[in-house]
Amino acid sequence: MARASMYHRLVVWLLLLVLVLPLAATLLYSLATQWSASLLPAGLTFDWYLRLWSEPRFLAAFGRSLLVCAGALAFACLLVLPAMFVIAYHFPRLDAVMNVLILLPFAVPPVVSSVGLLQLFAGGPLALVGTPWILIGCYFTIALPFLYRALTNNLQAIELRDLMDAAHLLGASTFRAALSVVLPNLRKGLVVAVLLSFSFLIGEFVFANLLVGTRYETLQVYLNNMRNGSGHFTSALVISYFMVVLLVTWAANRLNRDPSSS
Amino acid sequence: MSFLNVERLHKRYGANPVFSEIDFSASRGELVTLLGPSGCGKSTLLRCLAGLTPIDGGRIMLDGEEISNVAPQRRGIAMVFQSYALFPNMTVRDNVAFGLRMQRTRKDELERRVTEVLALVELDGLEARYPHQLSGGQRQRVALARSLVVRPRLLLLDEPLSALDARIRRHLREQIRRIQRELELTMVFVTHDQEEALSLSDRIVLMREGKIVQNGSAETLYTAPKDAFVAGFIGHYNLLDADVAGRLLDRSFSNRVAIRPESIQLDASQGIAGEIVDHSLLGNVIRYRVKARGVELSVDVLNRSASSLLAPGSQVRLAIAEESIREVA
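Since the model is a prediction, treat every value here as computed from it, not as a measurement.

Residues and elements named next belong to chain B. Taken together, four strands build an open sheet; the order of strands is S2-S1-S4-S5 and the sheet is antiparallel. For this open sheet the edge positions go to strand S2 (16-26) and strand S5 (65-66), each flanked by a neighbour on one side alone. Pairing of strand S4 (residues 57-62) with S5 involves two bridges; the strand directions are antiparallel. Paired with leucine 62 across the bridge in S5 is glutamate 65. Docked against the sheet, helix H1 (residues 42-50) engages strand S1 (4-13), S2 and S4, running at close to 65° with respect to S2.

Another point: helix H12 (residues 231-257) of chain A. All names here are of chain A. With 27 residues, H12 ought to run about 39 Å at 1.5 Å a step, and its terminal C-alpha atoms sit 38 Å apart, in line with that. Taken together, the buried positions of H12 are occupied by His232, Phe233, Thr234, Ser235, Ala236, Leu237, Ile239, Ser240, Val245, Val248 and Ala252. Buried residues in H12 make contact with helix H1 (2-31), helix H2 (47-53), helix H3 (56-89), helix H9 (174-201) and helix H11 (219-225).

Let's shift gears to the domain arrangement of chain A. Residue and element names in this part refer to chain A. Each assigned domain of chain A is listed here: domain 1 (1-45) and domain 2 (56-261). The distance between the C-alpha centroids of domain 1 and domain 2 comes to 33 Å. Counting from both sides, the interface comprises nine residues of domain 1 and, opposite them, seven residues of domain 2. Across the domain 1 to domain 2 interface the summed buried area is about 640 Å²; carbon plus sulfur atoms make up 76%. Ranking the residues of domain 1 by area buried against domain 2 places Leu23, Tyr29 and Ser30 at the top, with a combined share of 64%. Along the contact surface separating domain 1 from domain 2 lie zero salt bridges. Across the contact surface, domain 1 and domain 2 share two residue pairs in polar contact (both at pLDDT 80 or more). The class makeup of the residues in the side of domain 1 that touches domain 2 is five nonpolar, four polar and no charged.

Here is what the cut-offs are and how they apply
- Residues numbered from 1 in each chain as written.
- Chains lettered and ligands numbered in written order.
- Predicted model: local features only at pLDDT ≥ 70, side-chain atom pairs only at ≥ 80, totals over all residues.
- Heavy atoms only, no water.
- Pairing = 2+ DSSP bridges.
- Helix = DSSP H or I, 4+ residues; strand = E, 2+ residues; numbered from the N terminus.
- Contact = heavy atoms within 4.5 Å.
- Axes fitted to C-alpha atoms, helices over the stretch in contact; angles between N-to-C directions.
- Expected span 1.5 Å × (residues − 1).
- Buried < 20%, exposed > 50% of the residue type's maximum accessible area, 1.4 Å probe, protein only.
- Domains from an automatic or database assignment.
- Buried area = accessible area lost by both parts, 1.4 Å probe.
- Salt bridge = Lys/Arg side-chain N within 4 Å of Asp/Glu carboxyl O.
- Polar contact = N/O pair within 3.5 Å; in protein donor to acceptor, adjacent residues only side chain to side chain.
- Nonpolar A, V, L, I, M, F, W, Y, C, P; charged D, E, K, R; others polar.

Structure follows, in structure tokens:
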């Protein structure tokens, strides 16, 4: 019994070590003044972070990433929320179709769909390649499955039909009932899904690099372009990015757990 | 003309009729129960009355006005759901006030009416709680208060007590009946529980497979069931085939015979000889299984004392009152 428990602990710690070691090394490297021929860094400094956070190109790229992600998620919310409500309330049978549809963005590898998108939007009336709009559209399809799944679970947890019927009988119109009775109950699921999608999207590289590249440099593209520069500097960038994602994921988990907000 | 009139109502899903030729009425201040087994169409009928499900024919008249095609918001009908359907994001007070807010009731009047109705259902003090912080019985009382506060012309209740445990169910049942009488409310109550129907209703409309089987007072349905289905559904009848009843009672019958277990006397000095098979205790009543002339019968006797209990094998004589022997189709 004790040996089995030891073994299980060992496996978990080993896994943790494998996952944390590269991060810890990157963190240490980003804090090192110099670290090349010695076992340990020559000295510690915050200089790389100060330089990173005062670098206009980095700040611009970070801002662009935020903007594209926020735009895609806002677009997704505006479109998905009403669509989900209509499906759940009026056409529940369409749910099966939607479940297949939302898997499509996963079915095609990003590199393959990028090639298609490049062909489709390179010229003509919708010359979107090289603009943030194509990224917003692209990220929308990536966020869709996350939002849809989270909201479906939320919708199933409330007795949508009975709630709507009750509100109708008490004098509310369908719009009013959806707004004051259904929407507030989806808020939590929506926020969690948005935060998780955000932390995923802000790290997206393939679409950003192939469809827009340096014409609208996002965080990951900037990181890629900096790969020949100082390793300490890019390490600070990676750690900064990681902290942002960690913060957002933590917020999502926190919201998901908090029983008082249910 | 009655306050609520339902005339030749029918509804089908595709080719399958849910119910057809439904005719019944309710006077002002009357509590009518739609009783029947699961799937007999009673809940759908209730939803049709509320306007939540469209009908395929017939008409619904409320207070002299045809409402068959009126939107649910404008029928003046409120409904209590089996699932409570409380708004999870609102407190008890906001749930109850929702209907008044939709009617744009003045704030002071809204506050007064909400407070009044919460007192009526004995929920004062719980105003600030959320539905998930309440017990099942409390939730259903919030749902009731939410329906009452808008002063509906007609209140519909769709199996409101079936998710609650027996003791709370009884208490809430009495509370509903008291409020209904106090406010002189017209109610249509759907249930599959015959005991609930008998104890609550002024009148019972018994349904089976989308049709009304019998419509009458609780007493009539209990003492004069129209057929074997009613007898079997509404009480614990001894239902005997014509030849079996003939053997027991020594005469011939052309139909099945229904005899209520409490109408058979056990300690009669003369009557049909029988033998106790066993018994079960139903609280204040003991139900014996007695075998007489090869026929097994249920006999209910008041549970007076443990010493009067008849052991299996005891010889008894059965007296069956003539008026309690009913031939049913």
